[in-house]
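Working through the structure, step by step
Each chain is listed here by its residues.
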Amino acid sequence: NLFFEDLNLKIKRGSHTIVTGPNGSGKSTLLGIISGALKPLSGNINLNTDKVSYVGVKPLIVDGTIRENLIYGNTKEVTDKEILDKVNLFNLFNEQHIVDLDQIIDNQSLSSGQFQKIAYIRAILAETELLILDESMSNLDEESKKLILDILSDLNITIINSTHNFNDIQFNSRLKIQVENYKRVIISE
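Since the model is a prediction, treat every value here as computed from it, not as a measurement.

Assignment of secondary structure puts Glu189 in the segment after β8 (183-188). In sequence terms Glu189 and Ser173 are 16 residues apart; their C-alpha atoms lie 5.9 Å from each other. Setting aside residues no more than four positions away along its own chain, Glu189 makes contact with Ser173, Arg174 and Lys176.

See the structure below:
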């Protein structure tokens, strides 16, 4: 059985689209196909941009400096001032006013919420045009969620956001995945 059949989705540039559905319904698979991380057996994906970023539950953190983690994968030249502005905007280190970008970090030295904030900052510093979110706020407190949603609403980017908790999110459209007789159906609302 194919996971999705005859899938045809159009997402408006600059919109915030929510993807919902029960556990195991294929939300992450759909995001993987859209992002290009997973290849469909047939058909094609047209994104109209190559500036795609992904933020998930457990973002990649490399053993290295804060700076290296924040610009990981970025092809754009980024100044320390730009990095520090985003670190402060996202309250990455709530208790610290002075951040040493040369401080070494790893998977053990930060909280899971800080991992997610780093991934958001990384995407914004890379000037992403399509931001794919897969339960990307699951490790954040309510204040951090609100802060990030406010920051994202000020950006002119396309967001595709898989989440179970969408009540506090301003969005333009919703893709609801339902499983019917082992077949996945996407309902656009």
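This paragraph deals with the side chain of Thr65. Relative to the assigned elements, Thr65 resides in strand β3 (residues 64-65). Exposure remark for Thr65: the relative accessible area of 10% places this residue in the buried category.

Here we have six strands laid out as an open sheet, ordered β2-β5-β6-β1-β7-β8, and mixed in their pairing. The sheet is open, and its two borders are formed by β2 (52-55) and β8, each paired with just one other strand. Between one strand axis and the next, the sheet turns through 15 degrees on average, direction left out of account. Pairing of β2 with strand β5 (residues 130-134), which is carried by four bridges, proceeds in the parallel orientation. Paired with Tyr54 across the strands is Ile132, a residue of β5. Relative to β5, helix α1 (residues 27-35) is tilted by about 160 degrees, and along the sheet it contacts β1 (16-20), β5, β6 (158-162), β7 (173-180) and β8. In the packing of helix α4 (residues 112-125) onto the sheet, the strands contacted are β2 and β5, and the crossing angle to β2 comes to about 170 degrees.

Looking now at the pairing of β7. Where β1 lies against β7, four bridges are found, and the strand directions are parallel. Opposite Thr20, over in β7, you have Lys176 as the bridge partner. With six bridges joining them, β7 and β8 adopt antiparallel strand pairing. The residue bridging Leu175 from the neighbouring strand is Ser188, located in β8. Counted along the chain from β7 to the antiparallel partner β8, the turn is two residues long, and its residue Asn181 has a positive phi close to 50 degrees.

Thresholds, definitions, all that
Think of each chain on its own: its residues are numbered from 1, step by step along the sequence as written. With the structure being a predicted model, the display of local features is reserved for residues of pLDDT at least 70 and the display and counting of side-chain atom pairs for 80 or more, all residues being used for whole-chain, interface and lining totals. Note: side-chain values were computed over all heavy atoms of the structure, leaving out hydrogens and water. Only DSSP runs of H or I with at least four residues qualify as helices, and only runs of E with at least two residues qualify as strands; both kinds are numbered from the N terminus onward. Contacts are assigned to residue pairs that have any heavy atoms within 4.5 Å of one another. In this scheme, a residue with accessible area under 20% of its type's maximum is buried, one over 50% is exposed, and one in between is partly exposed, where area comes from a 1.4 Å probe on protein chains only. When DSSP finds two or more bridges between a pair of strands, those strands are recorded as paired. To obtain an axis, a line is fitted to C-alpha atoms, over the contacting stretch when the element is a helix, and the angle between two such axes runs from 0 to 180 degrees between their N-to-C directions.

All we've got here are geometric facts, nothing functional implied.
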